[in-house]
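For reference, the chains in residue letters:
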Amino acid sequence: MSLDALEHAVDQLSARVAQLREASSAYPDAPGPTLAAALAELATAVDLLEAARVELRKAPGRQQQQKKGSGQRELKLLRQVFRAFPVPVALLDGGGVVRRVNEETTRLLGSPDGYLVGRSFPLLVDVSRRAAFRSHLTSVLQTGQPAAFESRLAHQGRTHTVQLVLTRLTMPGEPQPMVAAVALPTEVQPPEPGWGRPDLSEAHLLVEAARRQEVLARTSALLLEPDSLLQPVGLARAARLLAAELGDWVIADLVRGGRLRRSAVVAPRDHPVGELVRLVEQAEPAASPMITQVLERGSGQVHEMVDDETLLGPSAGGPLATAIDAGSLLCARIGDGEGVLTLVRSHDKPPFTLADLWLVEEIGEQLGLALRAQAEIASRSRVADALVASVVPRTLPDVPGFEAAAIYHPGASVGAEFYDVFPVSGGWGFALGGAAGKGEEAASVSAMVRGGLRLLSVWESDPDQAVRKVNEALVSQGTGMFVMALAGFVRGRSIRLSSAGHHPAALVQPDGTVRFTAGGGVPLGISPQAETQVEELTLRRGQQLVLYSEGLLSSRDHRGEPYGEDRLADVLARTVGQAPATVVKAVEEDRHAFAGGQVWDEIVVMALRAV
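Reading the values: rules and limits
- Residues numbered from 1 in each chain as written.
- Predicted model: local features only at pLDDT ≥ 70, side-chain atom pairs only at ≥ 80, totals over all residues.
- Heavy atoms only, no water.
- Helix = DSSP H or I, 4+ residues; strand = E, 2+ residues; numbered from the N terminus.
- Contact = heavy atoms within 4.5 Å.
- Areas by Shrake-Rupley, 256 points an atom, 1.4 Å probe, with all protein chains shown as cover.
- Pairing = 2+ DSSP bridges.
- Axes fitted to C-alpha atoms, helices over the stretch in contact; angles between N-to-C directions.
- 1 Å grid on protein atoms, 1.4 Å probe; cavity = no way out; pocket = protein on both sides within 12 Å on 5 of 7 lines; lining within 4 Å.
- Points joined across faces, edges and corners; volume = space filled by probe spheres on them.
- Nonpolar A, V, L, I, M, F, W, Y, C, P; charged D, E, K, R; others polar.
- Patch = residues over 30% accessible without salt bridge, like charges linked within 9 Å, V, L, I, M, F, W, Y side chains within 5 Å.
- Salt bridge = Lys/Arg side-chain N within 4 Å of Asp/Glu carboxyl O.
- Core = buried A, V, L, I, M, F, W, Y, C linked by side-chain atoms within 4.5 Å.
- Buried < 20%, exposed > 50% of the residue type's maximum accessible area, 1.4 Å probe, protein only.
- Phe/Tyr/Trp six-rings, centres within 6.5 Å; stacked < 30°, edge-to-face > 60°.
- Lys NZ or Arg CZ within 6 Å of the ring centre and 35° of its normal.

Draft legend 1. Highlighting the overall build of the protein chain. Looking only at helices and strands, the protein chain features 17 helices and 22 strands. Considering only intrachain contacts with a sequence separation of at least 6, the fraction spanning at least 24 residues in the protein chain is 64%. If you sum the accessible surface of the protein chain, you get close to 28600 Å²; carbon and sulfur atoms cover 52% of it.

Put into structure tokens, the structure is as follows:
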């Protein structure tokens with residue numbers, strides 16, 4: 001066939017294919033006749049490609065016999081015929097890499113001109129049919145026999161069921177045979193709403209920029225929620241948000257103990273949690289070259305098209321990228337090296353862009369800050385727990401002849417207030433107080449006073465003597481801090497109290513009458529000679545002694561009014577006859593309502609009732 005005849009035949013084929021397209025659109029419910037005719041035209045296209053191959057083979061000989069420009073014109077004409085071919089055709093090398101595509105191929109797959117050149121064609125094939133395609137490609141290259149089979153192509157948000165025809169070609173100037181892949185669509189799945197060719201209009205770009213800013217703002221708000229900071233849930237929540245807005249799969253890997261560990265995996269919303277999800281969870285992050293590069297170098301990566309199936313590393317089911325049908329990948333570092341975020345889109349979705357990478361890198365920075373804040377809060381919480389343990393007993397012991405209960409509420413800082421109940425010779429002792437200050441130094445001083453009173457009670461039969469010796473020790477330490485303290489020894493029904501600058505205890509009578517003890521004295525640590533206030537009480541059955549911290553009385557309402565002793569007395573009168581546990585809880589609930597839930601200083605309430 002001459003080149004003129006070939007060009008004429010291609011024109012006729014193009015016209016017939018256009019008519020078939022019109023018939024397919026006009027009669028969508030009767031695809032059978034159109035499909036049969038399309039397959040016949042596909043066979044015609046293969047014959048024309050074979051004729052083109054013959055002409056290409058003649059071209060080198062003609063170049064030797066005719067003028068140099070004549071052969072070049074023929075090759076140019078053949079290239080024009082290829083570009084204008086009315087059905088999608090791609091020229092592949094022996095490895096399946098795309099060397100050239102015509103305009104119909106770019107139209108079918110929705111790719112910009114030249115985008116597919118140099119990329120692996122098998123990666124456009126649906127993962128379930130990729131192995132079969134490679135087998136057909138190898139067979140055509142080895143035997144020279146054409147192969148025709150049904151397959152599925154997915155790219156740029158489009159999915160096509162196609163009839164593929166592979167034909168081996170020998171191209172001038174090419175040392176190895178090539179393959180022409182002709183694709184005739186038999187079923188087309190249009191892009192999902194919102195997907196398609198990029199809209200580069202100014203209005204669309206502004207809308208997309210606003211959408212990304214909204215995602216960023218939502219992520220920031222999510223990470224700043226109190227429970228996201230106090231519990232390790234922020235990362236999982238951010239991953240779910242990214243999966244809903246940007247990717248099909250979202251994978252988060254964090255550095256723990258010096259190595260990357262998979263911390264969160266979010267699958268597509270319509271994907272059941274099963275073997276594939278577990279496959280991703282069990283994959284080793286450090287085996288992914290992309291993830292390790294991003295972690296080490298700090299710069300993110302975006303792969304519009306996955307042309308290397310090893311980018312996500314191996315899995316039990318082969319390359320992980322293949323197992324999850326990865327069509328486009330995006331990877332960004334979390335913070336300063338806390339981990340890596342990886343987003344995956346399938347072949348039937350548009351690829352990630354540099355704008356998407358910017359957004360995920362910003363989110364990665366925010367995640368890094370949130371993770372560091374969470375670690376700092378957790379560390380401080382452990383310190384706070386340790387400080388509280390040094391000044392507050394885990395449980396109260398049973399005191400014969402009495403019921404006891406206490407409640408402790410941390411404030412802006414912890415450890416300055418203390419309370420304790422402990423055995424003494426011939427009875428029981430209790431103590432309550434707090435250092436005038438906040439933080440670790442105040443907590444250490446409070447712990448020293450608590451421990452000193454407990455220790456000295458082994459030798460001292462009088463709580464006042466124990467308080468005075470603790471004062472001497474505190475002054476000699478030169479801490480510059482003073483402590484308000486109240487200590488009491490219980491023997492039988494008798495209670496001996498020693499107060500060093502502390503609030504008086506409240507004595508609740510069975511009839512609801514409330515009397516406050518003397519209290520007073522000078523706080524410990526101010527003067528070498530302690531000035532204490534001593535008082536002795538005898539509790540009859542039903543009477544209750546309530547001790548409390550400065551933080552209770554100094555709590556304020558929205559007008560700035562303090563809680564005070566009068567309000568405390570009212571609450572104690574209303575709870576007369578009730579168990580100590582009920583009393584301390586009622587006091588705390590009333591204070592909480594009074595202060596609108598605000599807590600500034602630590603609050604301790606302890607009650608002791610004779611039974």
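Draft legend 2. Quick peek at the sheet that holds strand S17 (residues 494-500). Taken together, the five strands give an open sheet; going across it, the order is S14-S15-S16-S17-S20, and neighbouring strands pair in antiparallel fashion. The sheet is open, and its two borders are formed by strand S14 (417-424) and strand S20 (533-538), each paired with just one other strand. Shown here is a sheet whose adjacent strand axes are inclined to one another by a mean of 15°, direction ignored. One ladder, built from six bridges, connects S17 with S20; its direction is antiparallel. Directly across from isoleucine 495, in S20, lies its bridge partner leucine 537.

Draft legend 3. Expanded view of empty space enclosed by the protein. Here the structure, examined in full by the defined rule, presents six cavities of 30 Å³ or more. Roughly 90 Å³ of volume is contained in the largest cavity. Every residue lining the largest cavity is listed: Val399, Ala404, Val421, Trp428, Gly429, Phe430, Val490, Leu545, Leu547, Met606, Ala607 and Leu608. Breaking the lining of the largest cavity down by element, the ones donating at least two residues are strand S15 (427-435), strand S21 (544-548) and strand S22 (603-610). Residues belonging to the lining of the largest cavity are distributed by class as follows: eleven nonpolar, one polar and no charged.

Draft legend 4. Structural context of a nonpolar patch on the surface. Taken together, Leu455, Val458 and Trp459 make up a surface patch of nonpolar side chains, about 380 Å² in accessible area. Structurally, the position occupied by leucine 455 is in helix H13 (residues 439-456).

Draft legend 5. Broad picture of unusual backbone geometry. Phi is positive for aspartate 325, which is not a glycine, with a value near 55°. Tracing the backbone shows aspartate 325 in the loop between helix H11 (320-323) and strand S11 (326-334).

Draft legend 6. Region of the structure containing the nonpolar core. By size, the foremost hydrophobic cluster in this structure holds 28 residues, and its most contacted members are Val250, Leu341, Leu343, Ile363 and Leu367. Those elements that provide at least two residues to this core are helix H6 (202-224), helix H8 (234-245), strand S6 (249-256), strand S7 (259-266), S11, strand S12 (339-346) and helix H12 (354-391). For this core, the element with the highest residue contribution is H12, accounting for seven residues. When neighbours within four sequence positions are excluded, leucine 343 is seen to be in contact with Leu242, Leu246, Gly247, Trp249, Val250, Ser328, Leu329, Leu330, Phe352 and Val360. In this structure, Leu109, Phe133, Leu153 and Val179 belong to the second largest nonpolar core, which totals 26 residues.

Draft legend 7. Representation of the packing of aromatic side chains within the structure. Within the structure shown, the criterion is met by three aromatic pairs. Here the aromatic rings of phenylalanine 121 and phenylalanine 133 are separated by 5.4 Å at their centres, their planes lie at 40°, and the arrangement is tilted. Of this pair, phenylalanine 121 sits in the loop between helix H4 (103-109) and helix H5 (130-143) while phenylalanine 133 sits in helix H5; the two residues are twelve residues apart in sequence, bridging distant segments of the chain. Residue class for phenylalanine 121 comes out buried when judged on its relative accessible area of 4%. Taking the centre distance of 6.4 Å and the plane angle of 65° together, the rings of phenylalanine 133 and phenylalanine 149 count as edge-to-face. On the criterion of sequence distance, the pair formed by phenylalanine 133 in helix H5 and phenylalanine 149 in strand S3 (residues 147-155) is long-range, its members being 16 residues apart. Phenylalanine 149 matches phenylalanine 133 in its accessibility class, with the two residues each being buried. Site record: aromatic cluster; members linked through ring pairs are Phe121, Phe133 and Phe149. One cation-aromatic arrangement involves arginine 493 over phenylalanine 402; the distance from NZ or CZ to the ring centre is 6.0 Å.

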